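Reading the structure
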Amino acid sequence: MLDLELLRSFVSVVDAGGFTRAGERVHRTQSTVSQQIKRLEDDIGQPLLHRNGKDVTPTEAGERLLSYARRLLSLAEEARDVVTRPGNEGAVRLGVPEDFAAYRLAKLLAAFSRSHPTLRLDVRADQSTYLKRDLERGELDLALFKRAAGEKGGIAAWPERVHWVTSKTHPRDTRAGSVPLIGFPAGCLYRAGAIHALESAGRAWHMAYTSSNLSGIQAAVAAGMGLSILSEIAIQADHRVLTKDGFAPIDKTEVALVASPDASPATLRLADRLVEFCDTVQAKAA
């Protein structure tokens, strides 16, 4: 029989890419996690991880075990929840940025809802400034939101890649004159970053298109109405990334996961799923 605790540490090491961060995820020291992986490798009879300094990657046997380990852990948690949960788990109010809601999290949240049938999951996609505000007001239980890199607080944070973009088929000539900007309404982190970058470079600018909807911004960029700043996951095939066009780099941003101080067990379980998901996405993008 495979030990679920050993499997949990193994999955955490693979997702985090190392023993130290994995230990933080499973609340164990680095040496304890290393010993657990050794025990699992002894049980399996094969090495499961390549160790190259601080970098850790799964061996061929480790890759085969990984999918089974995830399924076993998920099934074990589902069984525990079914047996131990009360008749009604209450509600979890989750806030997410729109690009995450549209492109990444739908399947994860749907699966979480199915495994917690007595839990009401209330998900809201909005600008990060409003998500952070509403979490502080107690109107959300858990939020993923974008912030300046290096801010303190939260369960976890991941660096974000953002780029200046224009239309691939109708690019704007912005070598002279006022730069036409496309973005969310005032308060958006990207909008503020774009304005700061242009003003720091002594460039004039004006808002050519403002929308509270991501799809509207993407369409306006594709149509050639102006320039925008988008996260890597929101850039589409009909957009062109501006790399050497004289535009100043944007201040670094990150995606943070923050829970309310009195978060319920169900909220923290969802937070664990989001951490695993974001760790996996970050590892793939690296």
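That block above? That's the structure.
Owing to the predicted nature of the structure, the values given are computational and were not obtained by experimental measurement. (Residues numbered from 1 in each chain as written. Predicted model: local features only at pLDDT ≥ 70, side-chain atom pairs only at ≥ 80, totals over all residues. Heavy atoms only, no water.)

**What about empty space enclosed by the protein?**
With the rule as written, the count across this model stands at two cavities of 30 Å³ or more. The volume enclosed by the largest cavity comes to roughly 100 Å³. Around the largest cavity sit 14 residues that line it, and Ile182, Gly183, Arg191, Ser228 and Ile229 are the ones nearest its centre. Looking at the lining of the largest cavity, the elements that each hand over two or more residues are strand S8 (179–183), helix H8 (189–200) and strand S10 (228–231). Of the residues contributing to the lining of the largest cavity, the split by class is 11 nonpolar, two polar and one charged. (1 Å grid on protein atoms, 1.4 Å probe; cavity = no way out; pocket = protein on both sides within 12 Å on 5 of 7 lines; lining within 4 Å. Points joined across faces, edges and corners; volume = space filled by probe spheres on them. Helix = DSSP H or I, 4+ residues; strand = E, 2+ residues; numbered from the N terminus. Nonpolar A, V, L, I, M, F, W, Y, C, P; charged D, E, K, R; others polar.)

**A word on the pattern of salt bridges**
The final tally for this structure, using the stated rule, is 14 salt bridges. Between Arg133 and Asp134 there is a salt bridge; the shortest N-O distance is 3.0 Å. Residue class for Asp134 comes out buried when judged on its relative accessible area of 4%. A salt bridge links Arg273 to Glu276; the shortest N-O distance between them is 3.7 Å. (Salt bridge = Lys/Arg side-chain N within 4 Å of Asp/Glu carboxyl O. Buried < 20%, exposed > 50% of the residue type's maximum accessible area, 1.4 Å probe, protein only.)

**Notes on the sheet that holds strand S7 (residues 162–167)**
Taken together, the three strands give an open sheet; going across it, the order is S10-S7-S11, and neighbouring strands pair in antiparallel fashion. Strand pairing shows two members of the sheet lacking a second neighbour, S10 and strand S11 (239–241), which therefore form its edges. When strand polarity is set aside, the average angle formed by the axes of neighbouring strands in this sheet is 50 degrees. Sheet analysis places S7 next to S10, joined by four bridges and oriented antiparallel. By the bridge assignment for S10, Val165 is matched with Ser228. (Pairing = 2+ DSSP bridges. Axes fitted to C-alpha atoms, helices over the stretch in contact; angles between N-to-C directions.)

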